[in-house]
Amino acid sequence: MKDGTEKEALGEASSSLPTATRITLRINAAQKQMDVLPWTTLLDALRDYLDLTGTKKGCDHGQCGACTVLVDGKRIISCLTLAIMKDGSDVTTVEGLANGDGLHPIQQAFIDHDAFQCGYCTPGQICSAIGMINEGRAKTADDIRELMSGNICRCGAYPNIVAAIQQAMQADRGRAA
Amino acid sequence: MNSFSYTRAGDVAGAVSEVSGNRAAKFIAGGTNLIDLMKENVARPGRLVDITRLPLSRIEDTPDGGLRLGALVTNADTAYNEQVERRYPLLSRAILAGASPQLRNMATNGGNLLQRARCYYFYDTATPCNKREPGTGCSAIEGFNRMHAILGASEQCIAVHPSDMCIALAALEAVVRVTGRNGDRAIPFADFHRLPGETPDIDSNLGVDEIITSIDLPSKGFADHHAYLKVRDRKAYAFALVSVAAALEMSGDTIKEARLALGGVAHKPWRNTEAEGLLKGKHATRDSFQIVAEAFMRDAKGLSHNTFKIELAKRAIVRALKHAAQMETRP
Amino acid sequence: MTTNYIGQPLSRVDGRAKVTGQAKYAAEYNVPGLAYGVVVSSVIAKGRITKIDASKALRFGGVLQVFTHENAPHTASDDQSYKDEVAPPGSPFRPLRDDRIMFSGQPVALVVAETFELARYAASLVRVDYKSEPHETDLTAKRGQAYEPKLREYIDPPIQPRGDAGKAFARAAVQLEAEYAGPAEHHNPMELFATTVVWEGGGKLTVYDKTQGPQNNQKYICKVFELSDDDVRLLSPFVGGGFGSGLRPQYQLFLTVMAARGLQRSVRVSLTRQQMFTFTHRPQTLQRIALGAAADGRLEALMHEALAETSRFEEYSEQVVNWSGELYHCKNVKLGYKVAQLDLYSPSDMRAPGAAWGLFALESAMDELAWKLRMDPLELRLKNYAEKDLNTGKKFSSKELRECYRQGAERFGWSRRTAAPGSMREGESLIGWGMATGIWEAWQVPGSAKAVLTADGRLTVGSATADIGTGTYTIMTQIAAETLGLPIANVTFELGDSRLPASPVEGGSFTAATIGSAVKAVCEKMRKKVFDLARKMKDSPLAHTRLKEVTFADGYIRLHNDPSRGVSITEAMRHGEVGRIEEEASVVPNFAKQARYIRHSHSAVFAEVKVDEDLGTIEVSRVVSAVAAGRILNAKTARSQIMGGIVWGIGMALEEESVIDQKFGRFMNHNLAEYHVPVNADVHDIDVIFVDERDSIVNPLGVKGLGELGIVGTAAAIANAVFHAAGVRVRQLPIKADKILWSTAREREVLKPAA
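Residues numbered from 1 in each chain as written. Chains lettered and ligands numbered in written order. Predicted model: local features only at pLDDT ≥ 70, side-chain atom pairs only at ≥ 80, totals over all residues. Heavy atoms only, no water.

Things to note about the side chain of Ser317(C)
All names here are of chain C. Rules: Put simply, DSSP H or I for four residues or longer makes a helix, DSSP E for two residues or longer makes a strand, and each gets a number counted from the N terminus. Burial here depends on accessible area, computed with a 1.4 Å probe over protein chains only, as a share of the maximum for the residue type. Under 20% is buried, over 50% is exposed, and the range in between is partly exposed. Residue contacts follow a heavy-atom distance rule, with two residues in contact if any of their heavy atoms lie within 4.5 Å.
Summarising the element assignment, Ser317 is placed in the loop between β13 (299–310) and α8 (322–327). The class of Ser317 is buried, set by a relative accessible area of 0%. The residues contacting Ser317, other than those within four sequence positions of it, are Pro149, Leu151, Arg152, Ile155 and Tyr337.

Let's talk about the domain arrangement of chain A
All names here are of chain A. Applicable threshold: Delimitation of the domains relies on an automatic or database domain assignment. Joining two parts hides part of their accessible area as seen by a 1.4 Å probe, and the buried area is that hidden amount summed over both.
On domain assignment, one finds that chain A holds domain 1 (20–96) and domain 2 (105–176). Summarising the inter-unit geometry, the C-alpha centres of domain 1 and domain 2 are found 21 Å apart. Across the boundary between the two partners, domain 1 contributes 17 residues, which contact 16 residues of domain 2. Across the domain 1/domain 2 interface, buried area totals approximately 1,200 Å², and carbon plus sulfur atoms make up 55% of it.

A look at the interface of chain A and chain B
To be explicit about the condition: For salt bridges, the criterion is a side-chain nitrogen of Lys or Arg within 4 Å of an Asp or Glu carboxyl oxygen. For the purposes of these results, a polar contact is taken to be a pair of N or O atoms within 3.5 Å, where, inside protein, one atom must be able to donate a hydrogen and its partner to accept one; residues adjacent in sequence count only when each atom of the pair is a side-chain atom.
With 43 residues of chain A at the interface, the matching set in chain B holds 55 residues. Interface of chain A and chain B: buried area, both sides summed, is about 4,100 Å²; carbon and sulfur atoms make up 55% of it. The tally of links between chain A and chain B comes to four salt bridges. With a closest N to O distance of 2.7 Å, Lys39(B) and Asp60(A) form a salt bridge. Counting every contact that joins chain A to chain B gives twelve residue pairs in polar contact (both at pLDDT 80 or more). Listed by contribution, the elements that provide at least two residues to the side of chain A that touches chain B are β4 (74–77), α3 (122–135) and α4 (141–147) of chain A. It is β4(A) that contributes the most residues to the side of chain A that touches chain B, four residues altogether.

Considering empty space enclosed by the protein
Heads up, the condition is: Cavities and pockets were defined on a 1 Å grid built from protein atoms only: a cavity is a group of points that admits a 1.4 Å probe but offers it no way out, a pocket is an open group of points flanked by protein on both sides within 12 Å along at least five of seven lines, and a lining residue is one with an atom within 4 Å of any such point. Grid points are joined across faces, edges and corners, and a volume is the space filled by probe spheres set on the points. Side-chain classes follow a simple rule in which Ala, Val, Leu, Ile, Met, Phe, Trp, Tyr, Cys and Pro form the nonpolar group, Asp, Glu, Lys and Arg form the charged group, and the remainder, Gly included, forms the polar group.
Counted under the stated rule, the structure contains 13 cavities of 30 Å³ or more. Roughly 160 Å³ of volume is contained in the largest cavity. Around the largest cavity, the lining comprises 16 residues; the ones closest to its centre are Pro92(C), Phe93(C), Arg248(C), Pro249(C) and Tyr345(C). Considering only residue class, the lining of the largest cavity consists of nine nonpolar, four polar and three charged. Reported here for the second largest cavity is a volume of approximately 110 Å³. As for the second largest cavity, its lining consists of 14 residues, and the residues nearest its centre are Val160(B), His161(B), Pro162(B), Phe239(B) and Ala240(B). Residues of the lining of the second largest cavity, tallied by class, amount to six nonpolar, five polar and three charged.

Concerning the interface of chain A and chain C
Quoted interface sizes are often the accessible area lost when the parts come together. Chain A puts 58 residues into the contact, and the matching count from chain C is 63 residues. Taken as a group, Trp39(A), Gln117(A) and Arg154(A) account for 17% of the area that chain A buries against chain C, more than any other trio of residues on that side. Linking chain A with chain C are seven salt bridges. The salt bridge involving Arg154(A) is made with Glu656(C); its shortest N-O contact spans 2.8 Å. For the pair chain A and chain C, the interface holds 33 residue pairs in polar contact (both at pLDDT 80 or more). Those elements that provide at least two residues to the side of chain A that touches chain C are α1 (42–49), α2 (105–112), α3, α4 and α5 (158–176) of chain A. Broken down by element, the residue count for the side of chain A that touches chain C peaks at five residues, all from α5(A). Its residues placed into classes, the side of chain A that touches chain C shows 24 nonpolar, 18 polar and 16 charged.

Details of the sheet that holds strand β26 (residues 600–612) of chain C
All names here are of chain C. Counted only if it meets this: By the convention used here, strands pair only if DSSP detects at least 2 bridges between them. Axes, fitted as lines to C-alpha atoms, cover a helix only where it is in contact. Angles between the N-to-C directions of the axes lie from 0 to 180 degrees.
Within the open sheet, the five strands sit side by side as β16-β17-β26-β27-β30. Their pairing is mixed. The open sheet has two edge strands, β16 (424–426) and β30 (685–690), and neither has a second partner. Going across the sheet, the axis of each strand differs from the next one's by a mean of 25 degrees, ignoring polarity. The sheet contact formed by strand β17 (residues 429–441) and β26 spans 13 bridges and is antiparallel. Bridge pairing links Ala436 to Val605 in β26. Set on the sheet, helix α11 (residues 401–412) makes contact with β17, β26, β27 (618–628) and β30; between it and β26 the angle comes to about 25 degrees. Sitting on the sheet, helix α17 (residues 714–726) is in contact with β16, β17, β26 and β27, with an inclination near 155 degrees to β17.

A short note on the packing of helix α12 (residues 472–484) of chain C against helix α13 (residues 511–536) of chain C
All names here are of chain C. In plain terms, the rule: The scheme is simple: roughly parallel for angles under 35 degrees, roughly antiparallel for over 145, roughly perpendicular for 65 to 115, oblique for anything else. Should the near helix be turned anticlockwise from the far one by less than a right angle, the crossing is termed left-handed; should it be turned clockwise, right-handed.
At a minimum axis distance of 9 Å, the contact between α12 and α13 shows a crossing angle of 30 degrees. In terms of orientation, α12 and α13 fall into the roughly parallel class. Read as a crossing pair, α12 and α13 show a hand that is right-handed. Where α12 abuts α13, its residues Thr472, Ile475, Met476, Ile479, Ala480, Thr483 and Leu484 lie against Thr511, Ala512, Ile515, Gly516, Val519, Lys520, Cys523, Glu524, Met526 and Arg527. Taken together, the residues of the contact of α12 with α13 break down into ten nonpolar, four polar and three charged.

Considerations on the confidence of the model for chain C
The following threshold applies: How sure the predictor is of each residue is captured by pLDDT, a score from 0 to 100.
When pLDDT is averaged along chain C, the result is 96; 98% of the residues meet or exceed 70. At the level of chain-chain contacts, confidence expressed as ipTM amounts to 0.97, with global pTM at 0.97.

So this is what it looks like as structure tokens:
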């Protein structure tokens, strides 16, 4: 049996769109309800529908990592995620990391080490770093470089990004001790 | 991206019935390939069937001493699974060489098998492509084909399968279990993906109304002597120019069995059991590796921009076998 | 004193905004009633549109309009209106002007809808029919049609020949002749080009635009759409990288304003990453260099020619070859620069335009010459060091390049290098050490700033410049705070607003010098006023003193010689019953003084590579760059600028290439999966040294700018290191494994020592 080719889309002949679905996302610990069509990505839902513009669109095709957020604790690419498929999920974006005026240790480390320049890849770098640390697999600086390679920084701040993450990881270990 | 309707499948039978008889319906799980293709207008399904809630998310032992990887387990969870790391580390290494950590957290095992070729012309609706629209021609053959196939290509299509995971699965001789309207099937990995031939638009032998339920690994994992080598244009987050999954069963310095699978060279992971057989009973030396590499690539044909891959593949085979042989045997 | 901020490694003042996601970029202003535009791009490279059928798109109620050349509203009809301050000679591109297609990816329609997703879908339903014409996109096929271009402002023609380079070359004891090639490259800043136009009513527009030049773009809009200056305000407080791509208005700006005016609504248009490959890029450039030297390494002849692409509609040019006549002492020099027209969008400035290519060729050629001479590459540079510029006969305003060589070599460990290629190895890798010289402009241009000081001791300074990641916000805040002696927390710098005082585009590495000087000047004016108030206070401890006798620090004005006598700034204002002081200053460079000297920054770059002996893959394991760039305003951000330039150099050397399929006349690798820029795993140790360099000529601050110097010479240092590792000289970038493959320990030609 063979795989078939895809035919023209439903709706292409008509001028109407599917009806919207109400979904609930728990974003930065707050319940948010919204009506979305299936085609809305989690990234566009955050940026355009919820005015949470901290998460960035760098390529919209999963090739740069700028749109990285944490969903149910895991770092994922929000531009390739349909919002409707994450109904009921926990989403953490860069806006949810600080505690009032107190920055998350990674945010502070990024400032201390000048781990950004233009700032556009930064929210994605930070969420990715948090996800990476939670995964618990990075032991050496080379591990960090490899495991953060899904976040492109065109300004070239990589050495400082690695240094910032190392600072945050050490602080973590200090706290755990 | 076109307009589409969305539904969630509650069980496998329901999922199958959604796609049976509805050419416009496609499964979506991780979405890392499908959403990308839809945004490029290469894929235009009218209906997406969300299969993420199907009970296909376990990794468990099989009765014959192997390991069953549920189709919906993510690539990351598979790579980091304790059983996989211990018994099939070749598979872990291969998975971790692919994509990015974020994408690996989303992509599923089933989806990894079904990802489409990464050819510039396939992805660009401005340029003709037989895979995307049969009969329109292959723009890559006379075009920029540095990333394209040197084995098993046809006049219709020279694209390569981009997966790393599949190369390891090919070397390990996994079996793909599927189910559909006509019941269950087990497809040996070598028979899952197709060569382009006259039908480049068809990537695999999965039926239009079938769904992958698991990938079964046989008991032999070659955990003691393995290597996954990926040669690419930058250190990470890039497709392979050439990749090699090498697995050896050794007795002292002698090779009892060898498995080799190549990525980046063909429309499907490339095996050559005759070439592999040349290692049987031989010592693990550079010379014996070189003989195998030459045999493996004997039928390779280069195009205007990728002839280098033939030599590169030979050297990568030799290097991968060297690394696989040199691993310390675990107590 | 705690307010001596200049030179300090202060963390960025906009850091918090960036790490918390509060910083907003052009596509992030979600105003009520916003409509969304998506651009439809041409699939042919040259020809005409024969038909546009938007009926399927317009069938949806939420689709508001499909703009094409057939219904585009009237805009200015003369070329001059479309010329921005960076435009080269020629006719600027006008989106939707007519049915002509001039390059693949040209915008042919704008679909505007109530949601982004609907606009994107509707855009895929617009059917465009074309009639193709033959196109030319291969520079190598156009050598016969190369010509000397009408140069852009600020680009000097190749210097007149000096001596007789041809004859001197023929007579030289050692000769090196080589051709070098570089592909088109795309800037690919992380932020996509986007504009949000807010329809304020009454004909007024607030435009959020991704740009390096808020005023340049605001003026462009006013001229093109025939609007009055008051009616358009352009804001760009945060820019996600520019690297030159934002110096000129990009076509989505035009399209967004057009749509907003046409629909009388707020509209946003963001380009896709694929569309980021359809406009500005670094030109493909072919070069030929001939070096003739005496046996002791002294250069006796230097010939350097470059051929670069330009478009059919504009003559873009860069300073590629003149560096060669300046950088080394050589009496016989002949330089040439030509362009050839291709059916592509006009190239434009991309991080160190001209020098990036020119120094790749020159510094590779010098390295090749060094090997021919069996001379240490660094020794060869020192042997031919130029104490003054032979191109013009002028001296350098400052040039601590010798120190750069010395300190860089020492930090790198250059003296431990064994000369023979392939002589250093580690495991399965061959190790290579290469070096190169870097050089860049140190300009200052006219710029203005304003300052407002309020009685609570808060200072706000502003200019219509930009911060594209360079750290403008931070260094200007430091300059202002130190000049008035205020704690930095009390000082704010504003930029990215066309209504702020005049500023050129942020480019050419001249912003620190230009706007920094204006900020210093306006704060000095402010000092005078505040000092006056302080002196006039009843029983003032500063009565009868003069401005040059006091110091401003920590919020106080104190006598140098008796710091116990002082007045706080807030006190002075309070007593003078002054709530607010405003000042403005415009600074024009001291052209007369500056023009007598050559003003450049310099660097010495040392790179180590590991080349896999069998597979040919290359890793840049460490780089040391010693930089002489005058006064360093902020050691932390300065290091980041150079580091970023070095990462760009790694990309340029090993990864970046916009691949043209000549049959389609189209850049085929138009996304971030196929156009490679360095990822984190590609970058290891980068060590930046700032060599002490004082310069009182280059501008009042003594700064030289760092945005671009980091990339210059870096690709050559890497290419030279690759030669040292593997014995393969690659003259065409990028250097990928396949170019090295044939030189393994077994296949490599044996490199014989000189007789």
